[in-house]
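Listed below, chain by chain, are the residues.
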Amino acid sequence: MILKTFETDTYIMKVHDNALVEFLIKENVEFKESDIWLSKQQCYECMPNAKFYVLLESEARLKISSDAKLAAASEKYGEHVAALALCSSNLEHKIFGNIYLKYHKPFVITRFFDDRETALFWLNSKMS
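This write-up is about the structure you can find in this document. Predicted model only: the values in this text are computed from it and were never measured. (Residues numbered from 1 in each chain as written. Predicted model: local features only at pLDDT ≥ 70, side-chain atom pairs only at ≥ 80, totals over all residues. Heavy atoms only, no water.)

## A few points about the sheet that holds strand E3 (residues 20–25)
At step 1: Pairing in this open sheet of 6 strands is mixed, and the strands run E1-E2-E3-E5-E7-E8 from one edge to the other. Lying at the two open borders of the sheet, with one neighbouring strand each, are strand E1 (2–7) and strand E8 (109–113). Strand-to-strand twist in this sheet, taken as the mean axis angle between neighbours without regard to direction, amounts to 15 degrees.
At step 2: When strand E5 (residues 52–58) meets strand E7 (residues 81–87), the two strands line up parallel, connected through 5 bridges. Residue Tyr53 lies in a different strand from E7, and its bridge partner there is Ala83. (Pairing = 2+ DSSP bridges. Helix = DSSP H or I, 4+ residues; strand = E, 2+ residues; numbered from the N terminus. Axes fitted to C-alpha atoms, helices over the stretch in contact; angles between N-to-C directions.)

Shown next as structure tokens:
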């Protein structure tokens, strides 16, 4: 069940009662470090002391700032995130997603998936 939905100029985030977070980055925006910290704060305020399982998707065109990539890979971001599934069937997103995983080595266990159902299955397996 969805506890709360947040929408900003750059993303839509749905926080579920089981600590699943569906996160969609909107099209033709630049996702910045401030978006990382705002979304983390929103999740925490919704469910303090929970560890979140994040499904991150994006619409067609995507630009993520270098600072946002560093923040998302940091230990500080991982304080309240148990697992992160990056999901896209877009070839460009796959390439950049895999470069992100290899180069930034996120603190939180993070995997890239081609399809939403597989990503959700993986996140659910981490919850148990």
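Don't stop here, the text continues.
## Concerning the packing of helix H1 (residues 33–46) against helix H2 (residues 66–73)
At step 1: Two elements in contact, H1 and H2, have axes separated by 7 Å at closest approach and are oriented at 35 degrees. On H2, the residues that touch Glu33, Ile36 and Trp37 of H1 are Asp67, Ala68, Ala71 and Ala72.
At step 2: The class makeup of the residues in the contact of H1 with H2 is 5 nonpolar, no polar and 2 charged. (Contact = heavy atoms within 4.5 Å. Nonpolar A, V, L, I, M, F, W, Y, C, P; charged D, E, K, R; others polar.)

Read these as layout, nothing more, since geometry by itself doesn't imply function.
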